[in-house]
Amino acid sequence: MTELPKTFDPGAIEARWYPHWEEKGLFRPERPDAEPFTIVIPPPNVTGSLHIGHALDNTLQDILIRHARLQGRDALWVVGTDHAGIATQMVVERNLDAEGVKRADLGREAFVEKVWQWKAESGGQITRQLRRLGASCDWANERFTMDEGFSAAVVKVFVQLYREGLLYRDKRLVNWDPKLGTAISDLEVETREVQGKFWHIKYPLEDGSGVIHVATTRPETMLADMAVAVHPEDGRYKVLIGKKVKLPITGRLVPIVADEHADPELGSGAVKITPGHDFNDFEVGKRAGFKPADMLNMLDAGGRVTQTADGLIPADLIGLGRFEARRVIEAMLEEQGLLEKVEDRVIQTPYGDRSGVVIEPWLTDQWYVDADTLAKPAIEAVRSGATKFVPQTWEKTYFNWMENIQPWCVSRQLWWGHRIPAWYDDAGNVYVAETEAEAQRQAGNVPLRRDEDVLDTWFSSALWPFGTLGWPANNERLDRHYPGSVLVTGFDIIFFWVARMMMQGLHFMEEAPFHTVYCHGLVRDKNGQKMSKSKGNTVDPLGLIDTYGADALRFTLAAMESQGRDIKLDEKRIEGYRNFATKLWNAARFCQANGIGASKAIDPPSATLPVNRWIIGETVKTVQELDLAMADYRFDESANRIYHFTWDRFCDWYLELIKPVLGADGDGAEAEETRAVAGWVLDQILVMLHPFMPFITEELWHAMGARSNELILAHWPMPDARALDPEAGPEVDWLIRLVSGIRGTRSELNVPPGAKLALHVRDADARTLERLQRNEAAIKRLARIETISTDSAPAGGAAQIIVDEATYVLPLEGVIDLGAERARLGKAIEAAEKDIASTEKKLANPAFVERAKPEVVEENRERLITLTADVERLKAARSRLG
């Protein structure tokens, strides 16, 4: 046994134990004959740093993997990082800019070499930070989505999908980032509300008989208009369908087409159709018979006006930026008398989340995956229950996306990433192959040039569950650990990652990549607001770890992770769980001071004393409850079960109840039994708590005595119902309820802490009287009672407490001012009821509920619940005074 310091210092403990676990290979013990349990980490960007969302996500995964390891399973937590194409390229380009060097000056190969250099020097920050959190990943087999083996998997998938007709090149609209010069995914687009305008423009009919009015938020795109659409049932325009209008500025003649996209109730009911620059217009254009190859494109890759195929854009507009062109076009329309009016309007505008510029729908040739075909087996896997979502409500989100899925654009115009394995000859023919030599054989050894684009990072990360295990090579690791057991992730990437892993896993491995998808909520601030730098309400998890320790942060996140709800993170909660760790530390110090050390066996010791039989039974019940909660992924319930058992049952009650046994000489058989039981219970606490608070539990595990191995490799408790004592449990529970009732009454009625009271008992049956006799010493000591009597209480003011069939009376004459106490309670009740009425009135007001911020409404609802409970408690206290 190693004597524990008086002060609990989490920083020193964390710095010591994590390197020890990793250096000894304890995160991946050899268990070839055990049942596998596998988690793949959502690979963080190699450019990333730990944020509070990462902290939640990885804490939950670590709880599951440590729990499985303690259960003796062959637990594997696959770890690695994503090459993060756009983010990484931006970081390296910024570094080069600081040196006065441009990417174009270096050329592709030299630039990519610079990226690899950056990765070697600076790309490990996020993995170091995950270690600080306590993440027990399989670091010895860390993967990177650009490492050699993983790249081979990416190339094989691309080539095979192409040969199966499931991957193709097509001209379609994409989200184009003019600043970065690449297509981006929907996930990388953020929609902002901006103050914009609505331009109402007159389009003259070809025959000069009049005009048709259109309205648009982007007048510059009229340079590439190809139609005007009206609703087929709109009586105002039926006679115009099939006629043409002459566009302002370009003079292009375009048809008036019938399409249900045009809403008769919105604006004039007629809409301009620019299929090369609007996603809805693209679909309208296809329905109108325009082939994508014939759709007009009026912008270059930088968002500047370029000449269209028909050459009708005036020369003085060519080369203007899209927003500068907007101003010029507005002036030209005014000059021609075709601008009817301009309205101010709030516009939902797409921005690139990394570049910060307005995203342009842009018609371009890209590579696409036939997601609709791949989605069908992935939909069936969830419908059949082969893969389940927890909470199940997220299945609806999954199905909604998958059943309406669009072709997946997988090419990006970057230099950093998996370069597309396609080559072209001078005639434009494409040859897709795993190597250039193979492409040359296909082409007949003619000169070839390689595709300049790279793959979307989601394409490679979709292969994560099997690419990280060595696929396409057959190997034991792949056979054993695919499919994974559970995926833990945020709900916001169900579409972008979860769905794509499901599609690729089923297609290439013929089995879904995981049995369960656990979707956690967002971490918000204490007021329920989404965290953002602009609001100034973000929190740094590393700063919280520095202040409170990793264990306290981990426990907070687990205890607040309630299925289907976001987390309102309040630093006071973290402080509270740091206090919980200190409470456990002090309990271990008490045990050491009283000769209680490490348990000698996994099974509970034999016990005769009721208090020992009770705590053994409580331990078994806690293990049972914890096992059920963990099986259901109820992290909050799991954390709260072990918290209340440790703090309430073990520290506050059991250690207090055994003090008399351990006191005096402390050398008898009862004391020896009690030490054995206390040591065993503390061991079970450390094991159950370890997945949540790994550092302090490992420290205490070794401090309590010699061990055959580290706690991280200990055995999870096995609940044995035979240890539940039908007599001892109810009696100690009765004692706790009685003492708690007396203590609560003393506190509510402001009885001085040092005052010892008389306790009078009436209506007690024989069993209760026997319990009172057996536990008299404990009641007197714990509740500060001087005498216990079955005689009638003296006349005068007294407090009454009912426990089961008996009533317990505490005479209070001369102890407190009863009149003043009744008055105090009355005023408190009156004030609380007034607050209740005010809050109820506010919540009953539809205007308040509709207009107030959701977090304010929720705060008032919670306040109402608290006030109602306060009134009930205060009334109960007043009634006890008689």
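Quick caveat: nothing in here was measured; it's all calculated off a predicted structure.

### Side note on the overall build of the protein chain
Each helix and strand in the protein chain was counted, giving 30 helices and 29 strands. Across its three principal axes, the protein chain shows a C-alpha extent of roughly 110 × 65 × 55 Å. A burial count over the protein chain gives 53% of its 882 residues as buried. Of the contacts formed within the protein chain by residues at least 6 apart in sequence, a portion of 78% connects residues at least 24 apart. In the form shown here, the protein chain has an accessible surface area of approximately 38,700 Å², with 49% of it arising from carbon and sulfur atoms. Across the protein chain, the centroid of the 105 positively charged side chains sits 3 Å from that of the 132 negatively charged ones.

### A closer look at the layout of surface pockets
In this model, the second largest pocket occupies a volume close to 1,200 Å³. T216, T217, R218, D278 and I347 are, among the 44 residues lining the second largest pocket, the residues nearest its centre. Listed by contribution, the elements that provide at least two residues to the lining of the second largest pocket are β7 (189-204), β8 (211-216), β12 (270-273), α8 (279-287), α9 (322-336), β13 (339-352) and β14 (360-369). Of the residues contributing to the lining of the second largest pocket, the split by class is 18 nonpolar, 15 polar and 11 charged.

### Structural notes on the nonpolar core
Core analysis: the largest hydrophobic core is formed by 207 residues, its most contacted members being Y398, F459, F555, F650, Y654 and Y808. Per-element accounting of this core gives the leading share, 11 residues, to helix α21 (residues 635-657). Sequence-distant contacts of Y808, that is, excluding residues within four places in its chain, are made with W734, L738, L759, H760, V761, T768, L772, A799, Q800, I801 and V803. W199, Y237, V245 and L296 belong to the second-largest nonpolar core, a separate cluster that totals 43 residues.

### Digging into the pairing of strand β11 (residues 253-258)
Pairing geometry for strand β9 (residues 227-230) and β11, over three bridges, is parallel. Across the sheet, the residue bridging to V228 is I256, located in β11. If you look at the hairpin formed by strand β10 (residues 244-246) and β11, you'll find six residues sitting between the two strands, and I249 has a positive phi there, around 70°.

### With respect to the pattern of salt bridges
In this structure the tally under the stated criterion is 53 salt bridges. Between E710 and K24 there is a salt bridge whose closest N-O contact spans 3.3 Å. Here the residue E710 occupies a position in the loop between α24 (694-703) and α25 (728-748), and K24 occupies one in the loop between α1 (10-23) and β1 (36-40), the gap between them amounting to 686 residues.

### Side note on the packing of aromatic side chains
Within the structure shown, the criterion is met by 37 aromatic pairs. Look at F111 and W415: their rings are 5.9 Å apart centre to centre, the planes differ by 65°, and that puts the pair in the edge-to-face class. Within this pair, whereas F111 is found in helix α5 (residues 108-122), its partner W415 is found in the loop between β17 (411-412) and β18 (422-424), the two being separated by 304 residues in sequence. Each member of the pair, F111 together with W415, is buried. On the basis of an interplanar angle of 25° and a centroid distance of 6.2 Å, the ring pair of Y168 and Y368 is categorised as stacked. Here Y168, found in strand β5 (residues 167-177), pairs with Y368, found in strand β14; they are 200 residues apart in sequence, far enough to count as distant. Assessed through its relative accessible area of 26%, Y168 is described here as partly exposed.

### A word on the sheet that holds β7
Reading across from one edge, β8-β7-β13 is the order of the three strands in this open sheet, with antiparallel pairing throughout. Edge positions in the sheet fall to β8 and β13, since each has one partner strand and no second. Across the sheet, the mean angle separating the axes of adjacent strands is 20° when strand polarity is ignored. The sheet contact formed by β7 and β13 spans 13 bridges and is antiparallel. In the sheet register, K197 faces β13, and the bridge partner there is D344.

### Section: the sheet that holds β18
On the basis of which strands lie adjacent, the open sheet formed by three strands has the order β19-β18-β20 and antiparallel pairing. Edge positions in the sheet fall to β19 (430-432) and β20 (449-450), since each has one partner strand and no second. When β18 meets β20, the two strands line up antiparallel, connected through two bridges. Residue pairing in the sheet places Y424 in a bridge with R449 of β20. Packing against the sheet, helix α12 (residues 436-443) makes contact with β18 and β19, and its axis sits at approximately 135° to β19.

### Some points on helix α3 (residues 85-98)
Compared with an ideal rise of 1.5 Å per residue, which puts 14 residues at 20 Å, α3 spans 20 Å between its outermost C-alpha atoms and is within 8% of the ideal. Inspection of α3 places G85, I86, A87, T88, Q89, M90, V91, V92 and L96 among the buried residues, and these make up the whole buried set. In this fold, the buried residues of α3 make contact with α4 (103-106), α5, β6 (182-184) and α13 (457-461). Positive phi shows up at G100, right after α3, with a value of about 80°.

### Section: the side chain of D62
Looking at the secondary structure, you find D62 in helix α2 (residues 52-70). A distance of 2.6 Å separates polar atoms of two side chains, one belonging to D62 and the other to S136. Within the structure, the side chain of D62 is placed 2.8 Å from the side chain of R554, a separation counted as a polar contact. The contact partners of D62, leaving out residues within four places of it in the chain, are W77, G134, A135, S136 and R554.

### Brief notes about the packing of helix α18 (residues 550-560) against α21
Their axes nearest at 6 Å, the elements α18 and α21 cross at an angle of 120°. As judged from the angle between their axes, α18 and α21 are oblique. Within the contact between the two elements, α18 uses F555, A558 and A559 and α21 uses F635, D636, A639, N640, I642 and Y643.

### Examining helix α11 (residues 394-402)
Listed in full, the buried residues belonging to α11 are E395, Y398, F399 and M402. When α11 is viewed along its axis, its buried side chains cluster within an angular range of 95° and face the same direction. Facing away from the buried side of α11 by more than 90 degrees, the exposed set consists of K396 and N400. Elements in contact with the buried residues of α11: α10 (371-383), β15 (388-390) and α16 (494-509).

### A closer look at unusual backbone geometry
Between V390 and the following residue, P391, the backbone shows a cis peptide bond with an omega angle of -5°. If you trace the backbone, P391 turns up in the loop between β15 and α11. Here Y482 and P483 are connected by a cis peptide whose omega angle stands at 0°. The topology assignment puts P483 in the loop between α15 (476-481) and β22 (484-490). In this structure, N445 takes a positive phi of about 60° despite not being glycine. Along the chain, N445 turns up in the loop between α12 and β20. Given a relative accessible area of 60%, N445 falls into the exposed group.

Rules used throughout
Residues numbered from 1 in each chain as written. Predicted model: local features only at pLDDT ≥ 70, side-chain atom pairs only at ≥ 80, totals over all residues. Heavy atoms only, no water. Helix = DSSP H or I, 4+ residues; strand = E, 2+ residues; numbered from the N terminus. Buried < 20%, exposed > 50% of the residue type's maximum accessible area, 1.4 Å probe, protein only. Contact = heavy atoms within 4.5 Å. Areas by Shrake-Rupley, 256 points an atom, 1.4 Å probe, with all protein chains shown as cover. Lys, Arg positive; Asp, Glu negative; His and termini not counted. Charge placed at Lys NZ, Arg CZ, Asp CG, Glu CD. 1 Å grid on protein atoms, 1.4 Å probe; cavity = no way out; pocket = protein on both sides within 12 Å on 5 of 7 lines; lining within 4 Å. Points joined across faces, edges and corners; volume = space filled by probe spheres on them. Nonpolar A, V, L, I, M, F, W, Y, C, P; charged D, E, K, R; others polar. Core = buried A, V, L, I, M, F, W, Y, C linked by side-chain atoms within 4.5 Å. Pairing = 2+ DSSP bridges. Salt bridge = Lys/Arg side-chain N within 4 Å of Asp/Glu carboxyl O. Phe/Tyr/Trp six-rings, centres within 6.5 Å; stacked < 30°, edge-to-face > 60°. Axes fitted to C-alpha atoms, helices over the stretch in contact; angles between N-to-C directions. Expected span 1.5 Å × (residues − 1). Polar contact = N/O pair within 3.5 Å; in protein donor to acceptor, adjacent residues only side chain to side chain. Parallel < 35°, antiparallel > 145°, perpendicular 65-115°, else oblique. Arc of directions from axis to C-beta.

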